[in-house]
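Given next are the chains, with one letter for each unit.
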Amino acid sequence: MSDATAKKEEGRKFQATKGTRDILPPETALWNRVEQTAHEVFATFGYGEIRLPVFEDFRLFQRAVGVETDIVNKEMYVLDDLMEGEIGARLEYLRVQIQYMTVSSALPTEVEQFKTLYNDFVKAYRIALERGLAPRDEFTDRHFSFLEAMIGRLDLFPRDMRTPEDSFVLDETVNNCKIQVREIQLTELKALRPEATASVCRAYIEHNMQQLPQPVKLYYLGPMFRRERPQKGRYRQFYQIGAEILGGPDAPATDAEVIEMLMTFFDKVGLQGATLYVNSIGHSAENCRRGYVAKLMAALEKVKDKLGPDSQRRIDTNPLRVLDSKLESEQAIIATLPRIADHLCDECKTHYAAVKRQLELRGVLYQENWRLVRGLDYYMRTTFEITAPGLGSQNAVCGGGRYDGLVELLGGPPTKGIGFAIGEDRLILSLQESGKTNVAQGRDVYIAWMGERAYAAAIRAAKDLRKAGFSVELPPVEQKFGKALGQADKLGARFALILGDNEVSEGLWTIKTLSTGEQTKFTESDLLDYLVKQRSA
Ligand code: HAM
């Protein structure tokens, strides 16, 4: 590194990574209020909280969300997690040594060194396989036998390697060893979770939750990760509040109740102007969605030239997603495409009609949107999305739907499932845009103190007030009263408690209401009563 580069590096200022951000007070108070409301509302519907890992086996999302989805295909943060324990590091070290070693037939010591490294590698890998630290399947077992066989081949050296042919055989053997070593999988792919439905289903199976009374109702809160192009309401680390209901029947009333809970929550947090869109995408049978997708593909082929490159690509990979396109130039074309509602099988049609009836019974207003297909593969039948104002193009504040086959797809028993996830960042943005951010800010009491005796009383007062639940600011160093009151104002304090040595010797403390300037004197014991009364006033 040159001096100039080193200097620049030294002076580097770190910033949050693109697409991530800090959420600071006082905004965090609003986040807390929203999360608290979720805890309360979901509990009234019988849901319990599940806390899930932030990273999981990459293949979980690949299988659940779908290989051809944008989330898995382009947006996942994938981690190469080295095998557990020291053996992983040792294998990695040996592998690098083997890869970069040159072995000349003219130098028997090099041949010996290579043999030692290779033997060590095979030995360590055998231990890793035996201890279950390295991934193991039929393929790795066959591969391992091959690795072992190469030891025998290497043992044929050194011999009197004089002919070019000897040298050639050695080169070939060494190269073969290097290739075999390179192909060993020493890491496991993990992914930062892009969503949590897959994890909830994994946990349902892992903890045998099918043995609990069904259905099992779970909710979660926390960060998700997708490598998307950041913009307003779209981040690479974003937060979801989600709920899933697993097991039990697929009664339309369940779909409607999940949506009712969601709308109750939005109502409680004060979200205004939310619109609920619903659709049914049927199930994956020939007489239902598969048949429809074939018709859709045929129709899309006919208009292919008029579509943008993304939609053109999706005709073969994920044609339903073309319906999701926001491209202005494609809207008129999409409007002419066959609609899924006309191709649902009788059972799915009946289910969808019943879900709508159940929503009406609960007084939940909805609009139908035949283009609502969602971007994850696991959905079937009911899908829904909620949009909110003030969010620009990223206006979906919640998405969800039914996913009856997912638990089975992940190796569990046949299980019905439905759920949703709210984009918390977007919900907060929409609340902020509509001014619905009424959370208590600032301090209740600022203690302006001067003098040593006053300070002792101030510490006592702070302790008592905090115990009673007041938020109190006790400055750590003495300040003139004028400055202290200015500070109290800046912090948005409601009251200032003025404590000088005079107040302490008189036994009468002064409380100033900062909004009116009104001052009243109290004894220490009356002060708390007064403030408690003011709090509830
Ligand atoms: P999703 O539609 O991919 O569904 O995400 C749900 C919500 O998360 C979106 O409506 C949006 O509000 C928010 N969101 C998604 N990506 C971002 C982003 N990059 N930045 C900010 N917010 C974002 C799911 O994740 C499904 N797991 C929902 C579900 C649960 N379905 C059934 N159960």
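Residue positions are given per chain, counted from 1 along the sequence in the order it is written. Residue-level local features of this predicted model are given only where pLDDT is at least 70; pairs of side-chain atoms are given and counted only at 80 or more, and the full residue set underlies all totals for whole chains, interfaces and linings. As a rule here, side-chain values come from all non-hydrogen atoms in the structure, and water together with hydrogens is ignored.

Enquirer: Describe the site of the ligand, with residues and values.
Expert: One heavy atom within 4 Å of a molecule or strand is enough for the residue carrying it to be called near that molecule or strand. Around the ligand, 27 residues are found, and the nearest of them are Glu195, Glu228, Glu244, Tyr379 and Ala396. Residue Tyr235 places a main-chain N or O atom 2.8 Å away from a nitrogen atom belonging to the ligand. What sets the accessible areas is the Shrake-Rupley method with a 1.4 Å probe; for residues, cover comes only from the shown protein chains. Computed on the free molecule, the ligand has an accessible area of 650 Å², of which 96% lies beneath the protein chains in the complex. Counting only elements with at least two residues in the shell around the ligand, the list comes to β6 (237-246), β10 (396-402) and β11 (417-423). Under this grouping Gly is polar, as are all residues other than the nonpolar Ala, Val, Leu, Ile, Met, Phe, Trp, Tyr, Cys and Pro and the charged Asp, Glu, Lys and Arg. Taken together, the residues of the shell around the ligand sort by class into twelve nonpolar, eight polar and seven charged. Throughout this description, a polar contact denotes any pair of N or O atoms lying within 3.5 Å of each other; where both atoms belong to protein, one of them has to be capable of donating a hydrogen while the other can accept it, and for residues adjacent in sequence the pair is counted only when both atoms sit in side chains. Numbering of helices and strands starts at the N terminus; helices are DSSP runs of H or I of at least 4 residues and strands are runs of E of at least 2.

Enquirer: Account for the nonpolar core, naming residues and giving values.
Expert: Within this scheme, the nonpolar core is defined by two criteria: the residues are buried Ala, Val, Leu, Ile, Met, Phe, Trp, Tyr or Cys, and they are joined through side-chain atoms within 4.5 Å. Relative accessibility under 20% of the residue-type maximum defines a buried residue, over 50% an exposed one, and the middle range a partly exposed one, all with a 1.4 Å probe and only protein chains included. Counting residues in hydrophobic clusters, the biggest one holds 99 residues, and the most contacted among them are Phe42, Phe265, Phe266, Phe420 and Leu427. Looking at this core, the element that brings in the most residues is helix α10 (residues 252-269), giving nine residues. Contact between two residues is taken to exist if any of their heavy atoms lie within 4.5 Å; hydrogens are not considered. Residue contacts for Leu427: discarding those within four places in its chain leaves Val34, Phe265, Phe266, Val269, Leu271, Val397 and Ile422. Leu91, Phe144, Leu147 and Ile184 belong to the second largest nonpolar core, which has 30 residues in total.

Enquirer: Any chance you could break down the packing of aromatic side chains for me, citing the residues and the numbers?
Expert: Two rings from Phe, Tyr or Trp (for Trp, the six-membered ring) form a pair when their centres sit within 6.5 Å of each other. Planes less than 30 degrees apart are called stacked, planes more than 60 degrees apart edge-to-face, and all others tilted. For the coordinates displayed, the defined rule picks out 14 aromatic pairs. Residues Phe42 and Phe265 carry aromatic rings whose centres are separated by 5.8 Å and whose planes lie at 50 degrees to one another, so their mutual orientation is tilted. Taken together, the residues Phe42 in helix α2 (residues 27-44) and Phe265 in helix α10 connect sequence positions 223 residues apart. Each member of the pair, Phe42 as well as Phe265, carries the same accessibility label: buried.

Enquirer: So what's going on with the sheet that holds strand β4 (residues 187-192)? Which residues, and what values?
Expert: With antiparallel pairing, the three strands of this open sheet are ordered in space as β2-β4-β3. The open sheet is flanked by β2 (55-57) and β3 (78-82), the only strands paired with a single partner. Taken over all neighbouring pairs, the strand axes of this sheet differ in orientation by 40 degrees on average, direction set aside. Two strands qualify as a pair provided DSSP detects at least 2 bridges between them. Pairing geometry for β3 and β4, over five bridges, is antiparallel. Across the sheet, the residue bridging to Leu79 is Lys190, located in β4. Inter-axis angles, ranging from 0 to 180 degrees, are taken between N-to-C directions of lines fitted to C-alpha atoms, where helices are fitted over the stretch in contact. Against the sheet, helix α3 (residues 58-65) touches β2, β3 and β4, its axis set at about 75 degrees to β2.

Enquirer: Tell me about the pattern of salt bridges, residues and numbers included.
Expert: Note on definitions: salt bridges are taken to be side-chain nitrogens of Lys or Arg within 4 Å of carboxyl oxygens of Asp or Glu. Here the structure, examined in full by the defined rule, presents 27 salt bridges. In this structure, Arg374 engages Glu385 in a salt bridge whose closest nitrogen and oxygen atoms are separated by 2.9 Å. Taken as a pair, Arg374 in the loop between β8 (367-368) and β9 (380-387) and Glu385 in strand β9 lie far apart in primary sequence, eleven residues in all. Taking the relative accessible area as the measure of exposure, Arg374 reaches 13% and is therefore buried. Taken together, the shared-partner salt bridges in this structure form one network comprising Glu56, Arg202 and Glu206.

Enquirer: So, the packing of helix α7 (residues 138-155) against helix α8 (residues 164-182): which residues are in play, and what are the values?
Expert: Between α7 and α8, whose axes approach to 10 Å, the crossing angle comes to 155 degrees. In terms of their interaxial angle, α7 and α8 are classed as roughly antiparallel. Both α7 and α8 take part in a crossing whose hand is left-handed. Listed contacts from α8 to His143, Phe146, Leu147, Met150, Arg153 and Leu154 of α7 are Thr173, Asn176, Cys177, Gln180 and Val181. In terms of residue class, the contact of α7 with α8 is made up of six nonpolar, four polar and one charged. Any angle between 65 and 115 degrees counts as roughly perpendicular, while under 35 counts as roughly parallel, over 145 as roughly antiparallel, and the rest as oblique. Crossings are sorted by hand: turned counterclockwise from the far helix by less than a right angle, the near helix makes the crossing left-handed, and turned clockwise it makes it right-handed.

Enquirer: Please give an account of the layout of surface pockets that cites residues and values.
Expert: Of the two site types, the cavity is a set of points on a 1 Å grid over the protein atoms alone where a 1.4 Å probe fits but cannot get out, and the pocket is an open set with protein on both sides within 12 Å along at least five of seven lines, each lined by residues with an atom within 4 Å of a point. Grid points are joined across faces, edges and corners, and a volume is the space filled by probe spheres set on the points. Of the voids in this model, the second largest pocket is the one considered here, and its volume is about 340 Å³. Forming the boundary of the second largest pocket are 17 residues, of which Arg289, Val293, Asn318, Leu320 and Asp377 lie nearest the centre. The element contributing the most residues to the lining of the second largest pocket is helix α11 (residues 289-303), with three residues. Tallied by class, residues from the lining of the second largest pocket come to seven nonpolar, four polar and six charged.

Enquirer: Describe unusual backbone geometry, naming the residues involved and giving the relevant values.
Expert: Residues Pro25 and Pro26 are joined by a peptide bond in cis, for which omega reads 5 degrees. Of note, Pro26 is situated in the loop between α1 (3-10) and α2. A cis amide bond links Gln214 to the next residue, Pro215, at an omega of -5 degrees. Of note, Pro215 is situated in the loop between α9 (197-206) and β5 (216-225). You will see that Arg381, though not glycine, has its phi angle at about 50 degrees, which is positive. Residue position: Arg381 is located in strand β9. When its relative accessible area of 12% is taken as the criterion, Arg381 is described as buried.

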